[in-house]
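The primary structure of each chain is shown beneath.
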Amino acid sequence: QKEVEQNSGPLSVPEGAIASLNCTYSDRGSQSFFWYRQYSGKSPELIMSIYSNGDKEDGRFTAQLNKASQYVSLLIRDSQPSDSATYLCAVKDSGGYQKVTFGIGTKLQVIP
Amino acid sequence: EPEVTQTPSHQVTQMGQEVILRCVPISNHLYFYWYRQILGQKVEFLVSFYNNEISEKSEIFDDQFSVERPDGSNFTLKIRSTKLEDSAMYFCASSVARDYEQYFGPGTRLTVT
């Protein structure tokens, strides 16, 4: 059973601070990694994808991937109250499969 | 911006009844998926569909479930003889290719009474 682990939180940060969200995964062969944002009662909304080791930046978001450590992270700079949501780490299974395995998500609270 | 759409947004049904959940994937996408999320739990993969056939399914996707692409735009999930434990949010997703990002629809909340 392939696992994606996240701290469910809540993670509370003050407005304007950097929020750091972390994820580990068990499938050593995985090549595709995604971060989704999910507001309460809504569907997952894709924020970032990352496929190579290192950092990938998109606006206030930076995804970091370390395949050797089986670790993915998401940094949110200048956090805003509207960033308050649950952030889902998702990892595509290796071996030619199409299934994406999701973590439980980390609930982020940005305090004004 | 193209998006995945789903109907209905909320479906209430009685135990033992059949339901059909509908999705319109993004038009140039080739891979289609169904996921479900029971309240407070993880998003779980149900099935993927490519080239008019199931390409992968999870252990959740048993004989009670079926999928179909009845025309060039719709993608449906049928649940026969619904159970109380089928109550969940059901999300349709699509991707342009196998290893690429999956974009989710708004979901259908299924309530089985």
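Here, every reference points to the structure presented above.
These numbers come from a predicted model, not from an experiment.

Colleague: Account for the overall build of chain A, with residues named and values stated.
Modeller: Looking only at helices and strands, chain A has zero helices and eleven strands in total. Along chain A, helices and strands appear, N-terminal first, in the series β-β-β-β-β-β-β-β-β-β-β. In terms of C-alpha radius of gyration, chain A reaches 13 Å, essentially the compact-globule figure of 13 Å for 112 residues. Structurally, chain A occupies a C-alpha span of about 45 × 30 × 20 Å along its principal axes. Across the 112 residues that make up chain A, the buried fraction comes to 47%. Long-range pairs, those at least 24 residues apart, make up 54% of the contacts in chain A between residues at least 6 apart in sequence. Summed over all atoms, the accessible surface of chain A reaches about 5000 Å², with 48% contributed by carbon and sulfur.

Colleague: Outline the overall build of chain B, listing residues and values.
Modeller: When helices and strands are tallied, chain B shows zero helices and eleven strands. Seen in sequence order, chain B has helices and strands lined up from the N terminus as β-β-β-β-β-β-β-β-β-β-β. Along the first, second and third principal axes, the C-alpha set of chain B runs to 35 × 30 × 25 Å. Among the 113 residues that make up chain B, the fraction classed as buried is 45%. Residue pairs in contact within chain B that sit at least 24 positions apart in sequence constitute 54% of those at least 6 positions apart. For chain B, the centre of its 10 positive side-chain charges and the centre of its 15 negative side-chain charges are spaced 4 Å apart.

Colleague: Give me the environment of Lys42 of chain A: which residues, what numbers.
Modeller: Residues and elements named next belong to chain A. Relative to the helices and strands, Lys42 resides in the loop between strand 4 (33-38) and strand 5 (45-50). On the accessibility criterion, Lys42 (52% relative accessible area) is exposed. Lys42 sits 50 residues away from Lys92 along the chain, and the two C-alpha atoms are 22 Å apart.

Colleague: With reference to specific residues and values, describe unusual backbone geometry.
Modeller: The linkage connecting Gly9 of chain A with the following residue, Pro10 of chain A, adopts the cis geometry, with an omega of 10°. Inspection of the secondary structure puts Pro10 of chain A in the loop between strand 1 (4-5) and strand 2 (11-14). Along the chain, Thr7 of chain B connects to Pro8 of chain B via a cis peptide bond; the corresponding omega equals -10°. Checked against the element boundaries, Pro8 of chain B lands in the loop between strand 1 (5-7) and strand 2 (10-13). Positive phi, normally seen in glycine, also occurs at Gln70 of chain A, with a value near 55°.

Colleague: Explain the interface of chain B and chain A to me, using residue names and the numbers behind them.
Modeller: Taken together, the contacts link 24 residues of chain B with 23 residues of chain A. Contact between chain B and chain A buries roughly 1900 Å² in total, counting both sides, with carbon and sulfur atoms accounting for 52%. In this structure, Lys42 of chain B and Glu3 of chain A form a salt bridge, with 3.8 Å as the shortest nitrogen-oxygen distance. Scanning the region where chain B abuts chain A turns up twelve residue pairs in polar contact (both at pLDDT 80 or more). When residues of the side of chain B that touches chain A are traced back to their parent elements, those giving at least two are strand 4 (31-37), strand 5 (43-50), strand 6 (53-57), strand 9 (88-95) and strand 10 (103-104) of chain B. Counting residues per element, the side of chain B that touches chain A draws most heavily on strand 4 of chain B, at four residues.

Colleague: Go over the nonpolar core with me, naming the residues and quoting the values.
Modeller: Within the largest apolar cluster, 23 residues are counted, with the highest numbers of intra-cluster contacts made by Trp35, Val72, Leu74, Ile76 and Tyr87 of chain A. At the level of elements, strand 3 (19-25), strand 4, strand 5, strand 7 (61-66), strand 8 (71-76), strand 9 (85-92) and strand 11 (106-111) of chain A are the ones that each hand at least two residues to this core. Counting residues in hydrophobic clusters, the runner-up holds 22 residues, among them Ile60, Phe65, Phe75 and Cys92 of chain B.

Colleague: A description of the layout of surface pockets should follow, citing residues and the corresponding values.
Modeller: Unfilled space is identified by rolling a water-sized probe across the atoms. Of the volumes computed, that of the largest pocket is approximately 560 Å³. Considering the residues around the largest pocket, the lining is formed by 26 residues, among which Gln38 and Gly41 of chain A together with Gln37, Leu39 and Gly40 of chain B are closest to the centre. For the lining of the largest pocket, the secondary structure elements donating two or more residues are strand 9 and strand 11 of chain A together with strand 9 and strand 11 (108-112) of chain B. When its residues are assigned to classes, the lining of the largest pocket shows eleven nonpolar, twelve polar and three charged. Looking at the second largest pocket, its volume works out to about 450 Å³.

How each quantity is defined
Residues numbered from 1 in each chain as written. Chains lettered and ligands numbered in written order. Predicted model: local features only at pLDDT ≥ 70, side-chain atom pairs only at ≥ 80, totals over all residues. Heavy atoms only, no water. Helix = DSSP H or I, 4+ residues; strand = E, 2+ residues; numbered from the N terminus. Rg over C-alpha atoms; globule rule 2.2 N^0.38 Å. Buried < 20%, exposed > 50% of the residue type's maximum accessible area, 1.4 Å probe, protein only. Contact = heavy atoms within 4.5 Å. Areas by Shrake-Rupley, 256 points an atom, 1.4 Å probe, with all protein chains shown as cover. Lys, Arg positive; Asp, Glu negative; His and termini not counted. Charge placed at Lys NZ, Arg CZ, Asp CG, Glu CD. Buried area = accessible area lost by both parts, 1.4 Å probe. Salt bridge = Lys/Arg side-chain N within 4 Å of Asp/Glu carboxyl O. Polar contact = N/O pair within 3.5 Å; in protein donor to acceptor, adjacent residues only side chain to side chain. Core = buried A, V, L, I, M, F, W, Y, C linked by side-chain atoms within 4.5 Å. 1 Å grid on protein atoms, 1.4 Å probe; cavity = no way out; pocket = protein on both sides within 12 Å on 5 of 7 lines; lining within 4 Å. Points joined across faces, edges and corners; volume = space filled by probe spheres on them. Nonpolar A, V, L, I, M, F, W, Y, C, P; charged D, E, K, R; others polar.

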